[in-house]
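These are the residues of each chain, in order.
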Amino acid sequence: MAATTAASPKGRRRDGPTRLRAGGVRRQRSAGPLFVAPFLTLFLLLFLAPLGYAAYLSLFQERLVGGTAFVGLDNYVQALGDPLLIHGVGRVALFFVIQVPVMLLLALLFALALDSGLLRLARVIRLGIFVPYAVPSVVAALMWGYLYGPDFGPFAQLSRKLDLPAPHFLSDGWMLGSLANIVTWEFVGYNMIILYAALRTIPQELYEAASTDGAGAWRIAWSIKLPALRPTLVLTLLFSVIGSFQLFNEPNLLMRIAPDVINSSYTANLYAYSLAFTGQQVNYAATVSFLLGLVIVIASYAVLLTANRRRTP
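This structure is a prediction, so every number in the text was calculated from the model and none was measured.

S.K.: A description of the packing of aromatic side chains should follow, citing residues and the corresponding values.
M.R.: This structure, assessed with the given rule, holds 18 aromatic pairs. Taking 5.6 Å as the distance between ring centres and 40° as the angle between the ring planes, the aromatic pair formed by Trp-144 and Tyr-148 counts as tilted. Separated by four residues within a single helix, Trp-144 and Tyr-148 lie in helix α5 (residues 137-148), roughly one turn from each other. Accessibility expressed as a relative area gives 13% for Trp-144, which makes it buried. Its relative accessible area of 4% is what places Tyr-148 among the buried residues. For the ring pair Tyr-148 and Phe-169, a centre distance of 5.2 Å and an interplane angle of 35° mean the geometry is tilted. Placement of Tyr-148 in helix α5 and of Phe-169 in the loop between α6 (154-161) and α7 (175-199) is noted, with a sequence separation of 21 residues between them. Accessibility classification places Tyr-148 together with Phe-169 in one group, the buried group. Above the plane of the ring of Tyr-266 lies Arg-91, whose end atom (NZ or CZ) is 4.5 Å from the centre.

S.K.: Provide a residue-level description of unusual backbone geometry, including the pertinent values.
M.R.: Backbone geometry follows two general trends: most residues other than glycine have a negative phi, and most peptide bonds adopt the trans configuration. Located in the positive-phi region is Leu-121, a residue other than glycine, with phi close to 55°. Relative to the helices and strands, Leu-121 resides in the loop between α3 (83-116) and α4 (122-134). For Leu-121, a relative accessible area of 64% gives the class exposed. Even without a glycine there, the phi angle at Gln-280 is positive, about 55°. Overall, Gln-280 belongs to the exposed group, its relative accessible area being 58%.

Rules of the game
- Residues numbered from 1 in each chain as written.
- Predicted model: local features only at pLDDT ≥ 70, side-chain atom pairs only at ≥ 80, totals over all residues.
- Heavy atoms only, no water.
- Phe/Tyr/Trp six-rings, centres within 6.5 Å; stacked < 30°, edge-to-face > 60°.
- Helix = DSSP H or I, 4+ residues; strand = E, 2+ residues; numbered from the N terminus.
- Buried < 20%, exposed > 50% of the residue type's maximum accessible area, 1.4 Å probe, protein only.
- Lys NZ or Arg CZ within 6 Å of the ring centre and 35° of its normal.

Right, here's the structure in full:
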């Protein structure tokens, strides 16, 4: 009996911490969904719900006789044969091919130069390159629109003083390059910061070992830094794919200055906006938006697939 009595307190003392641990695990499991709930709520209300409503709208048409009618996939069939949409997507694809390589190359060069430690006032230079990204795209487009102006722009005025023909930055042949210049000016600093942050994570031991083996700055950049930056370059390329196909603010504002060159279907995103808010074709605009999203998904997947194939030995 005495042995049984003595063993009982020991058993209770052993069971106490076990119950506490079990209660703590249950509280942790219940706390997880509570922390995630605000994000899931906002994600559902601000992303999935509008997306589902847009998908619903794309299946209808507003007709003069009979009102709104369900048409199934007729809007998508019409959009796939719409020359305005096809030309807009093709123009944006050409913009991507021209602008993105130049932008990422400049961002890479600036990031490597800053990481080399050979530049004086590196912090000032880094801030100066990044500052254009802090300028809203609307303000940047207005500023460059003024600089491009054939009548009042400083380039045109300087050309007249030098008795030279004024550059036609807003002409049909130059417009895509002018837009690419604005976007490059805005986003070089953004991509440079991403690449520079990735360079700062490379272990210093690799540089020391390479220097011990006699490698110079160029050899270190080519053999160590560039291979380490490949995943980051793929990430910036994906961001650039999404941003390029969503090009809107710059052509929308320059359209006021050059209406003969930029029309309401100059880019696919601008075309969808014009359909919805100018032409009052909300259903067809939702269809165009969905197809544009599909193009972005396909282009992004192609970039990832190409990058993975190159990394696979």
